[in-house]
Amino acid sequence: HEAPENMDDSDVVTMTLNDVLEFEDEMIENTAAVLGAANDKNCSYNEGYLKRQALYSCLTCIPEAKTDPSMAGGVCLACCFHCHDGHDLIELYTKRNFRCDCGNAKFASSASKCTLCDSKDEANELNSYNQNFSGTYCVCHRPYPDPEDPIPDEMIQCIICEDWYHSRHLGVEVPEDNFAEMTCAMCISKHEFLLHYDGLTTTKLSNTDEQSEVDVTAEENLNRAPLTGTLCTKPKVKSEKMVTKFGLQTTWRKQLCTCDSCLKMYEHEDVAFLLDNEDPVHLYEEKSKAKAHAVLEDQNKQLLNSMDRVQMIEAIIGYNDLKENLGNYLKKFAENKKVVRVEDIEEFFEGMKARKKKKVEMTYSCR
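Here is a short report on the structure shown in this document. Keep in mind it's a predicted model, so treat the numbers as computed, not measured.

Let's talk about helix α5 (residues 260-268)
Along α5, the residues classified as buried are C262, M265 and Y266. Taken down its axis, α5 places every buried residue within 100 degrees of arc, on the same side. Counted as exposed and oriented over 90 degrees from the buried face of α5: S261, K264, E267 and H268. At the C-terminal side of α5, D270 shows a positive phi close to 60 degrees.

Structural notes on the packing of aromatic side chains
When we look at a pair of aromatic rings, we describe it by the centre distance and by the angle of the planes. The final tally for this structure, using the stated rule, is seven aromatic pairs. Aromatic side chains F193 and Y266 sit 5.2 Å apart centroid to centroid with 55 degrees between the ring planes, which places their arrangement in the tilted category. Of this pair, F193 sits in the loop between α3 (185-190) and α4 (208-222) while Y266 sits in helix α5, and the two are 73 residues apart along the sequence. Grouping residues by exposure puts F193 and Y266 together as buried. Grouped by ring-pair contacts, the aromatic residues F98, Y129 and F133 constitute a single cluster. Positioned above the aromatic ring of Y45 is the side chain of R99, whose terminal nitrogen or guanidinium carbon lies 3.9 Å from the ring centre. Over the ring of Y129 we find K106, and its NZ or CZ is 4.3 Å from the ring centre.

Notes on the sheet that holds strand β1 (residues 50-58)
The sheet built from three strands is open, its strands ordered β2-β1-β3 with antiparallel pairing. The sheet is open, and its two edges are formed by β2 (74-75) and β3 (89-98), each paired on a single side. With two bridges joining them, β1 and β2 adopt antiparallel strand pairing. Considered in β2, the bridge of S57 is made with G74.

Describing the environment of D146
Tracing the backbone through its elements, the reader meets D146 in the loop between β3 and β4 (155-157). Residue D146 is classed as buried on the basis of its relative accessible area of 14%. A polar atom in the side chain of D146 sits 2.9 Å from the side chain of R142.

Here we look at unusual backbone geometry
Between Y144 and the following residue, P145, the backbone shows a cis peptide bond with an omega angle of -5 degrees. One can find P145 in the loop between β3 and β4. Notably, H141 is not glycine yet its phi reads approximately 55 degrees, a positive angle. In this fold, H141 is placed in the loop between β3 and β4. Looking at H141, the relative accessible area reads 52%, which means it is exposed.

What counts and how
Residues numbered from 1 in each chain as written. Predicted model: local features only at pLDDT ≥ 70, side-chain atom pairs only at ≥ 80, totals over all residues. Heavy atoms only, no water. Buried < 20%, exposed > 50% of the residue type's maximum accessible area, 1.4 Å probe, protein only. Helix = DSSP H or I, 4+ residues; strand = E, 2+ residues; numbered from the N terminus. Arc of directions from axis to C-beta. Phe/Tyr/Trp six-rings, centres within 6.5 Å; stacked < 30°, edge-to-face > 60°. Lys NZ or Arg CZ within 6 Å of the ring centre and 35° of its normal. Pairing = 2+ DSSP bridges. Polar contact = N/O pair within 3.5 Å; in protein donor to acceptor, adjacent residues only side chain to side chain.

Shown next, in the form of structure tokens:
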């Protein structure tokens, strides 16, 4: 198709049908990963501080949160739908150990009440709020997506502070593969015990001799189960590089020492969640996807069970007819190496409607 006169050819983005379908599948998968395990009908407050859940920050009810994240309130998926529909919401992806704030004292200035759960404490003392609740991210403190940033970039979440960072602002090269989690440089500086586990990351030390010793320690730790008690298994070598670290896929968390002294240190530094097998985001995503797929499968079964034999056969015939006709229609575009436009798909379905209408009219005229 031709571009508008005021648009340069370089501004035109062309997508094939496969591109569109793959993009749609990816969007569905990403949505299932975040929301699949969430309840969209009941407030999560009564479940307490959930290990991980999808959250939203409402700037309509708490406009002060735009400049001060400590003033913000996080609401669960159900409250997002039922109590804050149409509001200016910041999607926070997922956060750990959080209890829904909807309707508590944080929302006093707007007099907003939770319509799903009217009995709540005035505050959730264990909740934590970072700049994401104000709609800003990274060390650049910019929104995402950023309308003023022309550079396409991926965002990576730190597993400790749970802030999101542009890959180009991490200060180190992002590995192409073989990393499971990222810890930002700021969190590394706050929790220096992590520098002892540099051998379990992809950010290597520059000193060859020192690196060799770290790698050996890491390999030994990977081949033995963590010990609990008085024996400390924390590697003796400590890296001097307080830079962003990328944890290897080899379940590096399981290699953290669990002696009595280290356990107390984790509690004191408020990072005991690193030892929780259910804390990693990818595990939450896998469970969410599985739940979403199970719900969809159950809905499909219910739909099929609600049909009698005739309706089921008609539905199958209709699906096969659509599949065959659409395949033949798109085949022409592939043979002629033409791009499928939205107008082409609309034309196809208009034709299908016309053929179906004509078929119905012929059936009645025969009667």
